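Observations on chain architecture
One-letter residues, chain by chain:
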Amino acid sequence: MNFYSEDLHFKRLFQKYCDEDMFEWADRELQEFGALCGTEIDMRAVHTDREGQPRLIKYDRMGNDVSEVWVNEGYLKTVEQVYNKGIVGYVHKTIPKIGRKADYFYSYAQGYLLSQTEPGFYCPVTLTMATAYLLEQYADETVRDRFLPHVISTGETELYEGATFLTERQGGSDVGANETRAVAGDEAGVFYLTGEKYFASNAGMCGVAMVLARMEGARPGTKGLSLFAVPWRNEDGSLNGISIRRLKDKLGVRAVPSAEVEFSGAKAYLVGDPSKGIHYMMEALNLSRVCNAVASIGIMRRAYLEARKYAVDRSAFGKKLIEYPMIKESLTHLAVKQEVETSAIFRLIPLFSKVMDPSRGASDREKVMNRLLIAILKKESAEQSIHFAHEAIEMHGGNGFIEDFVTPRLLRDAQVLTVWEGTANILGLEVLRLMNRFHAHNIFIQEMETELAQLSARLTETAKPVLEGLESLKEMCSFMVQQSEDVQTLYAKKGAKLMADIFESVTVLSEAASGTERDFMKAELFLTQTWKSGHDVDTEMKVLKYFEVIVLEKQNKAVR
């Protein structure tokens, strides 16, 4: 299986956002990577999940605390192959064959393919991406030169995977409650950390971790946190005042070692302005949230592929499953939602790339829109990944519940995506902050109205439910901003969901305006699926009429 070449929608989407020179090189690379993900990496992922999970070697034979994390040889091979393909490095350095850097779009394309086979491994990649960003943007020259070449290595030097350690036992999402302390050393910019991090992913595998800690005399809350680069080991190979209490026994994403980590005078290097640690980490968190959304659509795609393949192969009551109308309806809805979700998320990435590059001068309006879209799409895609995994299991029947199939792992891995990088409640609060501080709802509504006004006459009737949805959003937001904080929070997730539905609807309509007949069919089905009550009777039964074109991709003609 080749996850890239077999995904015609994604390949067209990738080409749409690439210039010609980049696409010529990247298309070949993604062909290779898609095949790698669909074969070797997929087989290793099964082994890691079942028999080869990370293990903590706490003590050596003499009783010394070594806090080493063992991972299997196949996992190490995946580390080598994935990072050498530039999933992190080529965002920050020149690609030798074409003499230029890639951007986040190429990296996220790789992440999408990787997540179809091993979303657990995409977590360390995400953390390494965040580490590279923080070092490049905010570390001084000495710290940057020491760590960044290793973090963005593509095989020419030793790789240091990255990590971002925020969560502490007493705080969880309330990072302002963090208690890890940083005491200044004799060298400028050098500190020593004491404290713990309660959910530290990629512990033991990372070469350097980005850690929030509070300097002596710093104010309480998030504004008193500073950011530090903490090497896992000293130059002689010994642990840098770090120990692992235990590895977490997680429901899913078992490939990534997540640990309780203790600092006992760990040497650390200050990164950036000491008063802006939380600001820096929130930028990295937005990067991770996009990764989370990319992982979600990867799981959605794999779940859909497994469901479709099983329906084609399996017979019941004298017919193939795929011949039954109920199955056709399920597969058509899955195909449409997955493609629209993918289009919406990758439509965000060029804006995200601009915001993340200070030299490109993103406006305040663009920065607000970027944060808003990240919040609503991360929430929607994570929830949909669970739904898709559930639908794939149901398509398989009893087999879907058996670990011989990939479907149980998809569900287990999907479940964490609603939690990592912010739960639905946290994301709802982010939407509220953006509304109250920056009037983000007005910016969003204006952008969507402008796009809808540019649609062709052919799509005017199709777009009516979206226009009605916009009116509902205006009413909801007008009501919310006048209410107390408690009332606002009651509507936060509802507002985020409505925004996500509108954004995805506008995305699919925009594609239909300049795309193929299949794109127009997809828009019709998506809008019906999104805006009409499930109790409505569909006398036209378009979901069945369009099945062959949407699911089997037959007769995909350009709109004239």
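Residues numbered from 1 in each chain as written. Predicted model: local features only at pLDDT ≥ 70, side-chain atom pairs only at ≥ 80, totals over all residues. Heavy atoms only, no water.

**What to know about the pattern of salt bridges**
Note the threshold: In the sections that follow, a salt bridge refers to a side-chain nitrogen of Lys or Arg positioned within 4 Å of a carboxyl oxygen of Asp or Glu. The way it works is that DSSP assigns letters per residue, a run of H or I at least four long becomes a helix, a run of E at least two long becomes a strand, and they are numbered from the N terminus.
What the rule picks out here adds up to 43 salt bridges. When the shortest N-O distance is used, the salt bridge between Glu-262 and Arg-245 registers 2.9 Å. On the criterion of sequence distance, the pair formed by Glu-262 in strand β9 (residues 258–271) and Arg-245 in strand β8 (residues 242–247) is long-range, its members being 17 residues apart. One salt bridge connects Glu-471 with Lys-474, and the closest N-O pair in it is separated by 3.2 Å. Taken together, the residues Glu-471 and Lys-474, both in helix α14 (residues 464–480) and 3 residues apart, mark about one turn of the helix.

**A short note on the UniProt feature "domain: Adaptive response protein AidB N-terminal" (unreviewed entry) in the protein chain**
Note the threshold: UniProt positions are given in the numbering used here, feature names are shortened, and annotations may be inferred rather than shown by experiment.
Annotation from UniProt places "domain: Adaptive response protein AidB N-terminal" (unreviewed entry) at residues 12–153. Regarding residues 12–153, the helix share stands at 64% and the strand share at 8%, and the terminal C-alpha atoms are separated by 30 Å.

**Considerations on the pairing of strand β1 (residues 55–59)**
Definition in use: For two strands to pair, DSSP has to find at least two bridges joining them.
Here β1 runs beside strand β2 (residues 65–70); their pairing, made up of 4 bridges, is antiparallel. Residue pairing in the sheet places Arg-55 in a bridge with Trp-70 of β2. What sits between β1 and β2 in their antiparallel hairpin is a turn of 5 residues, with Gly-63 showing a positive phi close to 85°.

**Brief notes about the packing of helix α5 (residues 104–115) against helix α6 (residues 119–138)**
Basically, it comes down to this: Inter-axis angles, ranging from 0 to 180 degrees, are taken between N-to-C directions of lines fitted to C-alpha atoms, where helices are fitted over the stretch in contact. In these notes the angle categories are as follows: under 35 degrees is roughly parallel, over 145 is roughly antiparallel, 65 to 115 is roughly perpendicular, and the rest is oblique. Helix crossings fall into two classes, left-handed where the near helix is turned counterclockwise from the far one by less than a right angle and right-handed where it is turned clockwise. In this analysis, two residues are considered to be in contact whenever any of their non-hydrogen atoms come within 4.5 Å of each other. For this classification, Asp, Glu, Lys and Arg are treated as charged, while Ala, Val, Leu, Ile, Met, Phe, Trp, Tyr, Cys and Pro are nonpolar and the rest, including Gly, are polar.
At a minimum axis distance of 9 Å, the contact between α5 and α6 shows a crossing angle of 160°. When the axes of α5 and α6 are compared, the pair comes out roughly antiparallel. Remark: the crossing between α5 and α6 carries right-handed chirality. Where α5 abuts α6, its residues Tyr-104, Ser-107, Tyr-108, Gly-111, Leu-114 and Ser-115 lie against Pro-119, Phe-121, Tyr-122, Val-125, Met-129 and Tyr-133. Residues that form the contact of α5 with α6 fall into these classes: 9 nonpolar, 3 polar and no charged.

**A short note on helix α8 (residues 277–313)**
Here is the rule we go by: One fewer than the residue count of a helix, multiplied by 1.5 Å, yields its expected span. When accessible area is computed with a 1.4 Å probe and restricted to protein chains, residues below 20% of their type maximum are described as buried, those above 50% as exposed, and intermediate ones as partly exposed.
Helix length check: α8 (37 residues) gives 54 Å between terminal C-alpha atoms against 54 Å at 1.5 Å per residue, within 8%. Within α8, 31 of the 37 residues are buried, which leaves it mostly tucked inside the rest of the structure.

**Re unusual backbone geometry**
Although it is not a glycine, Asn-202 sits at a positive phi angle of roughly 70°. Position of Asn-202 relative to the elements: it lies in the loop between β5 (190–201) and β6 (206–215). In this structure Asn-202 comes out as buried when scored by relative accessible area, which is 0%.

**So, the domain arrangement of the protein chain**
Worth spelling out the cut-off: The split into domains, and so the bounds of each, comes from an automatic or database assignment of domains.
Each assigned domain of the protein chain is listed here: domain 1 (8–152), domain 2 (162–274) and domain 3 (437–559). The distance between the C-alpha centroids of domain 2 and domain 3 comes to 43 Å.

**Focus on the nonpolar core**
The condition that has to hold: Each nonpolar core is a collection of buried residues, namely Ala, Val, Leu, Ile, Met, Phe, Trp, Tyr and Cys, held together in the definition by side-chain atoms within 4.5 Å.
In this structure, Tyr-108 and Phe-444 are the most contacted members of the largest nonpolar core, which totals 191 residues. Examining the composition of this core, we find that 19 residues originate from one element, α8, more than from any other. In this structure Phe-444 touches Met-369, Leu-372, Leu-373, Ile-376, Leu-473, Met-499, Ile-502 and Phe-503, once residues within four positions along its chain are discounted.

**Observations concerning the pairing of β6**
β6 sits mainly inside the fold: 10 of its 10 residues count as buried. Relative to β6, strand β3 (residues 161–165) runs parallel, the two sharing 5 bridges. Bridge pairing in β6 links Ala-163 to Ala-209. By the bridge criterion, 2 bridges tie strand β4 (residues 181–184) to β6 in an arrangement that is parallel. Across the sheet, residue Ala-182 finds its bridge partner in β6, namely Met-215.

**Here we look at the packing of aromatic side chains**
The criterion, for reference: Under the pairing criterion, centres of Phe, Tyr and Trp rings, with the six-membered ring standing for Trp, must be within 6.5 Å; the plane angle then separates stacked pairs below 30 degrees from edge-to-face pairs above 60, leaving the rest tilted. By the criterion adopted, a ring carries a charge over it if an Arg CZ or a Lys NZ lies within 6 Å of its centre and within 35 degrees of its normal.
Applying the stated criterion to the full structure yields 22 aromatic pairs. Seen in terms of ring centroids, Phe-10 and Phe-14 are 6.4 Å apart; in terms of plane orientation they differ by 35°. Their pairing is tilted. Of the two residues, Phe-10 and Phe-14 both sit in helix α1 (residues 8–17), 4 residues apart, roughly one turn of that helix. For Phe-14, a relative accessible area of 0% corresponds to the buried category. Aromatic side chains Tyr-310 and Phe-405 sit 6.4 Å apart centroid to centroid with 80° between the ring planes, which places their arrangement in the edge-to-face category. Of this pair, Tyr-310 sits in helix α8 while Phe-405 is found in the loop between α10 (364–396) and α11 (407–417), placing the two residues 95 residues apart along the sequence. Classification of Tyr-310 by relative accessible area gives buried; the value is 11%. Overall, Phe-405 belongs to the partly exposed group, its relative accessible area being 29%. Put simply, the rings of Tyr-4, Phe-10, Phe-14, Tyr-17, Phe-23, Phe-105, Tyr-112 and Phe-346 touch in pairs and so form one group of aromatic residues. Positioned over the ring face of Tyr-59 is Lys-58, at 5.9 Å from the centre of the ring. A cation over an aromatic ring shows up here: Lys-319 above the ring of Tyr-324, its NZ or CZ 4.6 Å from the ring centre.

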